[in-house]
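# Geometric and topological summary
Each chain, written out:
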Amino acid sequence: MQIKRLRIAGFKSFVDPADLRIEPGLTGVVGPNGCGKSNLLEALRWTMGENSARSLRGAGMEDVIFAGTATRPPRAFAEVSILLDTGDAANPDEREVVRRIERGAGSAYRIDGRDVRAKDVALLFADAATGAHSPALVSQNRIGAVIAAKPAERRAMLEEAAGIAGLHVRRKDAEQKLRATEANLLRLDELIAEQDVRAAALRRQARAADRYRALSEQIRVAEGRMIFARWRDAVAAADAARAEAQAAEAQVAAATA
Ligand code: ATP
């Protein structure tokens, strides 16, 4: 990975937008004390994801926003963009990483114009064996610390030089995902148990509905039979009454004659 350009606006002493082009080879930044040389390196580390305000020589993260001078008012936001080439000479692959902070609104990242998480930016740099905490970035007064590094810190430097820092970040990421998945599985078990209880209640209700349907059918058939029997009795009674009437009529006729 090669950093090709650093664009700074409103960050620390860089109140006006400024471009620092980093050409192939060695780049030196020279200037009088307090002109902002260290601020350049801090802008780089901040955009790579540095979240410790103290390591950026501030009390809070908003201290990186231009605080104003006797002649210029403070700024409401700071924005730093890093133009990278993650490819090689034959296949250049330019990416632009931007971090922006606004007073009272926190900071946000973009890669190639798309909003991304801090983790995505950390991974991009970790894959290229660099990042905000890379031992390759030596802040002011930190040379002594590099020399007196503890074995674990030295190991981090060696791992970074070997290009496996990205693997550590991915492993941490994978472990986090695994923990989240385990928690999800646990929750799913609980949901399945709840659903089992509901299914048992529904099975009971379905059995009751089946019985209700069968009994209703029996009642319908029994009522049909009863109506038929009543109809048959009524027809028989009507026949008998008709025969009686005819006999009476015959008697009346005989008596009349
Ligand atoms: P040295 O050579 O002494 O190490 P340097 O060139 O590295 O100095 P820096 O330490 O990068 O300089 O810059 C310090 C300057 O940045 C100081 O003048 C300080 O006032 C200014 N500065 C830091 N933070 C802010 C801010 N939030 N707003 C305005 N100016 C700031």
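Described in the following lines is the structure provided in the data block.

Here the focus is the overall build of the chain. Scanning the chain from N- to C-terminus turns up five helices and six strands. Put simply, the chain runs from its N terminus to its C terminus through helices and strands in the order β-β-α-β-β-β-β-α-α-α-α. Its C-alpha atoms put the chain at 155 × 50 × 45 Å along the principal axes. Counting all 257 residues of the chain, 22% fall into the buried class. Taking all contacts inside the chain whose residues are at least 6 apart in sequence as the whole, residues at least 24 apart take part in 55%. Element-wise, carbon and sulfur atoms account for 58% of the exposed surface of the chain, whose accessible area totals about 17,900 Å².

Judged by pairing direction, the sheet is antiparallel, and its six strands sit side by side in the order β2-β1-β3-β4-β5-β6 without closing on themselves. The open sheet has two free edges, formed respectively by β2 (18-21) and β6 (114-116), since each of these has just one partner strand. The sheet shows a mean angle of 20° between the axes of neighbouring strands, direction not considered. Pairing of strand β5 (residues 106-111) with β6, which is carried by three bridges, proceeds in the antiparallel orientation. Note on β6: the bridge partner recorded for R110 is D115.

The subject of this paragraph is the layout of surface pockets. Looking at the second largest pocket, its volume works out to about 180 Å³. K119, A122, H168, V169, K172, D173 and Q176 are the residues that line the second largest pocket. Breaking the lining of the second largest pocket down by element, the ones donating at least two residues are α2 (118-127) and α5 (165-256). Considering every element that reaches the lining of the second largest pocket, the biggest residue donor is α5, with five residues. Across the lining of the second largest pocket, the residue classes break down as two nonpolar, two polar and three charged.

This part is about the pattern of salt bridges. In a structure, side chains of opposite charge can pair up when their charged atoms sit close to one another. Enumeration over the complete set of coordinates arrives at 19 salt bridges. In this structure, E79 and R100 form a salt bridge, with 3.0 Å as the shortest nitrogen-oxygen distance. In this pair, E79 sits in strand β3 (residues 77-85) while R100 sits in strand β4 (residues 94-102), placing the two residues 21 residues apart along the sequence. Look at R100 and you get partly exposed, because its relative accessible area is 26%. For R117, the salt bridge is made with D120, and the minimal N-O distance between the two is 2.9 Å.

Side chains of residues three or four places apart in an α-helix project in the same direction, reflecting 3.6 residues per turn. Counting buried positions along helix α1 (residues 37-47) gives eight out of eleven residues, so the element sits mostly inside the fold. Restricting attention to buried positions, one finds in α1 the residues N39, L40, E42, A43, L44, R45, W46 and T47. Those residues of α1 that are buried are in contact with β1 (2-9), β2, β3, β4, β5 and α2. Following α1 by one or two positions, G49 has its phi on the positive side, about 120°.

Right, let's talk about the nonpolar core for a bit. In terms of nonpolar packing, the biggest core is built from 28 residues, with I8, F11, W46, V64 and I82 touching the most fellow members. Only β1, α1, β3, β4, β5 and α2 provide two or more residues apiece to this core. Not counting residues up to four positions away in its chain, the partners in contact with W46 are F11, L56, M61, V64, A78, V80, R99, R100, I101, S107 and Y109.

This part takes up the packing of aromatic side chains. If you walk through the whole model with that rule in mind, you get two aromatic pairs. Note on F11 and W46: the rings are 5.4 Å apart at their centroids and 45° apart in plane angle, and the pair reads as tilted. With F11 in the loop between β1 and β2 and W46 in helix α1, the pair connects residues that are 35 residues apart, well separated along the chain. Overall, F11 belongs to the buried group, its relative accessible area being 0%. For R100, the ring lying beneath its charged end belongs to F77, and the centroid distance is 3.9 Å.

The next point concerns α2. Those residues of α2 lying buried are V121, L123, L124, F125 and A126. In the segment just after α2, A129 is the residue with positive phi, at about 55°.

Turning next to the environment of K119. Structurally, K119 can be placed in helix α2. On the basis of relative accessibility, which here comes to 34%, the residue K119 falls in the partly exposed class. When the C-alpha positions of K119 and A238 are compared, they lie 97 Å apart, and in sequence the two are 119 residues distant. Those residues in contact with K119, other than ones at most four positions away along the chain, are D173 and Q176. One polar contact links K119 to D173, side chain to side chain, over a distance of 3.0 Å.

Cut-off values and rules
Residues numbered from 1 in each chain as written. Predicted model: local features only at pLDDT ≥ 70, side-chain atom pairs only at ≥ 80, totals over all residues. Heavy atoms only, no water. Helix = DSSP H or I, 4+ residues; strand = E, 2+ residues; numbered from the N terminus. Buried < 20%, exposed > 50% of the residue type's maximum accessible area, 1.4 Å probe, protein only. Contact = heavy atoms within 4.5 Å. Areas by Shrake-Rupley, 256 points an atom, 1.4 Å probe, with all protein chains shown as cover. Pairing = 2+ DSSP bridges. Axes fitted to C-alpha atoms, helices over the stretch in contact; angles between N-to-C directions. 1 Å grid on protein atoms, 1.4 Å probe; cavity = no way out; pocket = protein on both sides within 12 Å on 5 of 7 lines; lining within 4 Å. Points joined across faces, edges and corners; volume = space filled by probe spheres on them. Nonpolar A, V, L, I, M, F, W, Y, C, P; charged D, E, K, R; others polar. Salt bridge = Lys/Arg side-chain N within 4 Å of Asp/Glu carboxyl O. Core = buried A, V, L, I, M, F, W, Y, C linked by side-chain atoms within 4.5 Å. Phe/Tyr/Trp six-rings, centres within 6.5 Å; stacked < 30°, edge-to-face > 60°. Lys NZ or Arg CZ within 6 Å of the ring centre and 35° of its normal. Polar contact = N/O pair within 3.5 Å; in protein donor to acceptor, adjacent residues only side chain to side chain.

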